[in-house]
Amino acid sequence: MQHKETKLHKLTWLSRFEKDLGPFVYGGIDGCVTTFAVVAGAVGAGLESNVIIILGFANLLADGFSMSIGAYLSSKSVRLYYSKQKQIENWEVDHLPENEKDEVRTIYREKGFEGDTLEKIVEVITADKERWVNVMMKEELGMTLEQKSPLRIGVVTYFSFLFIGFIPLLVYVLDYISPLHQNIFLFSSLLTGLSFMMIGILKSYITQTGILRGVMETLLLGVVAALVAYYVGDWLESIISK
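In short, a report on the structure. Keep in mind it's a predicted model, so treat the numbers as computed, not measured. (Residues numbered from 1 in each chain as written. Predicted model: local features only at pLDDT ≥ 70, side-chain atom pairs only at ≥ 80, totals over all residues. Heavy atoms only, no water.)

### Section: the overall build of the chain
Next up, step 1: Counting its secondary structure elements, the chain contains nine helices and zero strands.
Next up, step 2: Helices and strands appear in the chain in the N-to-C order α-α-α-α-α-α-α-α-α.
Next up, step 3: What you see for the chain is a C-alpha radius of gyration of 26 Å, clearly larger than the 18 Å of a compact globule of 242 residues, by over 25%.
Next up, step 4: Overall, the C-alpha framework of the chain stretches about 80 × 55 × 30 Å when taken along its three principal axes.
Next up, step 5: Residues classed as buried in the chain amount to 36% of the 242 residues present.
Next up, step 6: A fraction of 76% describes how many contacts in the chain between residues 6 or more apart in sequence connect residues 24 or more apart.
Next up, step 7: The average position of the 22 basic charges and that of the 27 acidic charges among the side chains of the chain differ by 6 Å. (Helix = DSSP H or I, 4+ residues; strand = E, 2+ residues; numbered from the N terminus. Rg over C-alpha atoms; globule rule 2.2 N^0.38 Å. Buried < 20%, exposed > 50% of the residue type's maximum accessible area, 1.4 Å probe, protein only. Contact = heavy atoms within 4.5 Å. Lys, Arg positive; Asp, Glu negative; His and termini not counted. Charge placed at Lys NZ, Arg CZ, Asp CG, Glu CD.)

And the structure:
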């Protein structure tokens with residue numbers, strides 16, 4: 001009995017983890033890319049480490065908050081739109097039942113059902129209003145209810161943005177506490193590369209694609225963003241310092 005309860009607890013935890021994985025990866029990629037781009041741009045401009053820390057944390061907190069709010073509002077808007085469409089379908093079922101039955105019939109006829117089997121399907125579906133409306137939402141409009149809480153999505157996105165986005169700054173913070181006397185940007189780049197690889201693996205799990213492809217796509221995104229930021233910073237510094 002205890003073994004079953006433990007197994008059930010693990011499955012519940014895994015299910016919750018999988019639900020949060022999308023926002024976590026989404027926030028992590030953006031956090032790591034934008035923060036590392038800030039670091040690379042600042043290094044390209046020849047800025048001091050303390051300035052890099054200030055710029056990095058300012059970006060981390062402000063951009064992370066902005067992104068989490070965007071994720072929250074986007075998810076909430078989707079739920080509101082779903083609710084509005086469901087109200088319309090409820091009204092149509094109440095006031096235009098024969099038309100809605102014909103639509104159910106057409107949907108399942110196109111799936112290959114016919115004759116008595118088709119009529120039985122229509123009868124079963126339309127016998128329960130809630131089931132009827134849900135079928136219309138999914139089959140006619142292609143809409144399913146988002147189960148994840150908009151607030152939870154926003155919180156997970158922000159946490160991920162801060163957690164993963166802090167990694168490019170970690171070496172600079174350690175150097176500020178106790179000087180490392182090493183190539184700080186190189187170590188930051190290596191740590192950031194490992195972060196991109198981890199996020200790429202998680203991304204491949206979500207998209208059900210190859211791990212190598214997920215890792216390479218995420219690494220490429222980070223490298224391109226860093227190169228652009230670095231050379232833009234270097235170019236601007238050369239212009240301003242003249």
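Following the structure, the description resumes.
### Things to note about the packing of aromatic side chains
Next up, step 1: Per the stated rule, a full pass over the model turns up five aromatic pairs.
Next up, step 2: Centroid distance Phe-36 to Phe-185: 5.9 Å. Interplanar angle 10 degrees. Geometry classified as stacked. Of this pair, Phe-36 sits in helix H1 (residues 2-44) while Phe-185 sits in helix H8 (residues 184-207), placing them 149 residues apart in sequence.
Next up, step 3: For Phe-36, a relative accessible area of 7% gives the class buried.
Next up, step 4: Relative to Tyr-158, the ring of Phe-65 lies with its centre 6.3 Å away and its plane at 80 degrees, an arrangement referred to as edge-to-face. Of this pair, Phe-65 sits in helix H2 (residues 49-95) while Tyr-158 sits in helix H6 (residues 150-165), and the two are 93 residues apart along the sequence. (Phe/Tyr/Trp six-rings, centres within 6.5 Å; stacked < 30°, edge-to-face > 60°.)

### Let's talk about the nonpolar core
Next up, step 1: Judged by nonpolar contacts, the single largest core of 15 residues is most densely connected at Val-104, Tyr-108, Ile-125, Trp-132, Met-136 and Met-137.
Next up, step 2: Residue assignment for this core shows that the elements contributing at least two residues are H2, helix H3 (97-109), helix H4 (115-126) and helix H5 (129-140).
Next up, step 3: Sorting elements by how many residues they give to this core places H5 first, with five residues.
Next up, step 4: One finds Ile-29, Val-156, Phe-196 and Ile-199 within the second-largest nonpolar core, a separate group that totals twelve residues. (Core = buried A, V, L, I, M, F, W, Y, C linked by side-chain atoms within 4.5 Å.)

### What to know about the packing of H2 against helix H7 (residues 167-177)
Next up, step 1: Interhelical geometry of H2 versus H7 gives an angle of 135 degrees and a closest axis separation of 10 Å. With respect to H7, the axis of H2 lies oblique. The hand of the H2/H7 crossing is left-handed. Here Ser-49, Ile-52, Ile-53, Gly-56, Phe-57 and Leu-60 of H2 come into contact with H7, specifically with Leu-169, Tyr-172, Val-173, Asp-175 and Tyr-176.
Next up, step 2: Along the lines of polarity and charge, the residues of the contact of H2 with H7 split into eight nonpolar, two polar and one charged. (Axes fitted to C-alpha atoms, helices over the stretch in contact; angles between N-to-C directions. Parallel < 35°, antiparallel > 145°, perpendicular 65-115°, else oblique. Left-handed = near helix turned anticlockwise from the far one by under 90°. Nonpolar A, V, L, I, M, F, W, Y, C, P; charged D, E, K, R; others polar.)

### Quick notes on H6
Next up, step 1: The end-to-end C-alpha distance of H6 is 22 Å, a good match for the 22 Å that 16 residues give at a rise of 1.5 Å each.
Next up, step 2: Taken together, the buried positions of H6 are occupied by Pro-150, Ile-153, Gly-154, Val-156, Thr-157, Ser-160, Phe-161, Ile-164 and Gly-165. In an axial view of H6, the angular spread of the buried residues amounts to 170 degrees, which keeps them on one side of the axis. Facing away from the buried surface of H6 by more than 90 degrees, the exposed residues are Leu-151 and Phe-159. (Expected span 1.5 Å × (residues − 1). Arc of directions from axis to C-beta.)

### Observations concerning the pattern of salt bridges
Next up, step 1: Evaluated as defined, the whole model comprises seven salt bridges.
Next up, step 2: Across the pair Lys-129 and Asp-94 runs a salt bridge, and its minimum N-O distance is 2.9 Å. In this pair, Lys-129 sits in helix H5 while Asp-94 sits in helix H2, placing the two residues 35 residues apart along the sequence.
Next up, step 3: Using a relative accessible area of 45% as the deciding quantity, one classes Asp-94 as partly exposed.
Next up, step 4: Across the pair Glu-217 and Lys-203 runs a salt bridge whose closest N-O atoms are separated by 2.7 Å. Note that Glu-217 is positioned in helix H9 (residues 211-240) and Lys-203 in helix H8, a separation of 14 residues in sequence.
Next up, step 5: Judged by its relative accessible area of 35%, Glu-217 is partly exposed. (Salt bridge = Lys/Arg side-chain N within 4 Å of Asp/Glu carboxyl O.)

### Topic: a nonpolar patch on the surface
Next up, step 1: The grouping of Leu-220, Val-224, Val-228, Val-232, Trp-235, Leu-236, Ile-239 and Ile-240 at the surface amounts to a nonpolar patch, some 780 Å² of accessible area in total.
Next up, step 2: With respect to the secondary-structure elements, Leu-220 resides in helix H9. (Patch = residues over 30% accessible without salt bridge, like charges linked within 9 Å, V, L, I, M, F, W, Y side chains within 5 Å. Areas by Shrake-Rupley, 256 points an atom, 1.4 Å probe, with all protein chains shown as cover.)

Keep in mind that these numbers describe shape and distance, not what the molecule does.
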